[in-house]
Amino acid sequence: MISMKKWLIGMSAFLIMIIVAFLCIGNYFFNYALVRKNGEIAAAEMSVYSSIYESEKKDKIDLNRKIQKEKTSSWLNSISKKEINIQSNDKLQLFASEFKLSNESNKWVILVHGYTSEQSSIYDIARHYSDKGYNVLTPDLRAHGLSEGKYVGMGWLDRNDLLLWIDYLLRNYRNSEIILHGVSMGAATVMMVSGENLPTNVKLIVEDCGYTSVWDIFSFELELRFNLSTFPVLNAASFITSVRAGYNYKEASSIDQIKKSVTPILFIHGNADEFVPVNMAYKLYDNTNINKELIIVDGAGHAESRLADEELYYGSIFSFIDKYLN
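Predicted, not measured: the structure shown is a model, and the values here were computed from it.

A. How the structure looks around the sheet that holds strand E4 (residues 93-99). Read from one edge to the other, the open sheet built from eight strands follows the order E3-E4-E6-E5-E7-E8-E9-E10, with strand pairing classed as mixed. Of all strands in the sheet, those bounded by a partner on one side alone are strand E3 (81-87) and strand E10 (292-297). Neighbour to neighbour, the strand axes of the sheet diverge by 20° on average, direction disregarded. Contacts from helix H4 (residues 156-172) reach E3, E4, strand E5 (107-112), strand E6 (135-139), strand E7 (177-183) and strand E8 (202-208), with the element oriented near 125° to E3.

See below:
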C-alpha cells in the first residue's frame, strides 16, 4: 500500500512537471512572437530575410527599392494625408492614414502591411494606386505602428478590424468600390476576411505572399529557425495564445477562409521567398473556388515581388482590376 502511494505521488509530481514545462514552453514562444513590449516585438528580426537569388537580381531589387523610396517621398509631399482612428470591438484605438484625391473618385484601396511592420512600409504601393486614380486607406494593424494592442493578431484578429475599416469607408463614402490589398501578414488578413460576409462594395482582393494558416507558418519557422518539431512546442504556444489572445493557430486559417470567399482573388508570390514558401501560394490558389489568378515572380524574396519585377507586379494587378471594376 505504501509503495502504491509513493508511486501515485511520484506520477502526480511527474505529470505536474510535464504540465508546467508545457505551459512554460508555450508562454515563451507566445511572448517571443506575438507580444508587443515597449512598442517592439521580440521576433522582429524574423521580418528581414535574405533571398536566394543571383547577385544581378539582388542589385536590381536594391536599386528599385531606392528609386521607389525617392518617388514615394515626393508623392507624400504632394498628396493630401488625413490621420484617422476607429475603435475595435475589444476597445482598442486603431489608426490609419487616408490618402484622398482631389477629384470625386469612388474607388478605394485598403492596403494592409505585414508582420512587425507598419503602414509606412507600403506607401510605395499606395503611390501606384494613387497614380491610377484610387483613394487609399493604410491602417496600422493592432499591436503595430500607432495602433493599440498588446498581442499580434496574425490576420485572424485583424480580419475583424478590417471589417470595421470597410464600414468606415462605407459610412463616409457611401458608393465606394473597394479593393483589399495585403502583403505578408496583411495578405493573410485580407484572405481571412474574404470568408466573412463582405459587402458587395468589396470588389476584389490582392494577396501578396500570404500564408496558408498561422499553424503552417509557425510550424515552418519553428523548424527552420529553431530546429524544433511542431509537437509539443506549437501545441503549447497555440494553447497559450488561445488563453491570452483569444485565438488558436489552426482556426486562424487563410485557406479555410478563402474556400468560402465569393470575392475574386489575385495571388502574388516570389519563388525565392524564404519566409513564406512559394508552395503555400499554390495551395491557396488550388483551394480558391471563386475567380482567381496566380502570379509567381522569379527571383523575388519575401515581400519583394514589386521590387523584383515592377512591371509584372503592377501590370498584373491593374489588369485583374480591369476585369471587375469599370
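After that view of the structure, there is still more to cover.
B. Inspection of the pairing of E6 at higher detail. In terms of burial, E6 is largely enclosed, as five of its five residues are buried. Residues Asn135, Leu137 and Pro139 line one face of E6 and the alternating positions Val136 and Thr138 line the opposite face, and both faces are buried. Relative to E6, E4 runs antiparallel, the two sharing four bridges. Residue Phe99 lies in a different strand from E6, and its bridge partner there is Val136. Bridge analysis of E5 against E6 gives three bridges, and the strand direction is parallel. Residue pairing in the sheet places Ile110 in a bridge with Leu137 of E6. Crossover E5 to E6 through helix H3 (residues 123-131) is right-handed.

Definitions and limits used
- Residues numbered from 1 in each chain as written.
- Predicted model: local features only at pLDDT ≥ 70, side-chain atom pairs only at ≥ 80, totals over all residues.
- Heavy atoms only, no water.
- Pairing = 2+ DSSP bridges.
- Helix = DSSP H or I, 4+ residues; strand = E, 2+ residues; numbered from the N terminus.
- Axes fitted to C-alpha atoms, helices over the stretch in contact; angles between N-to-C directions.
- Contact = heavy atoms within 4.5 Å.
- Buried < 20%, exposed > 50% of the residue type's maximum accessible area, 1.4 Å probe, protein only.
- Right-handed = clockwise from strand over helix to strand, strands pointing away.

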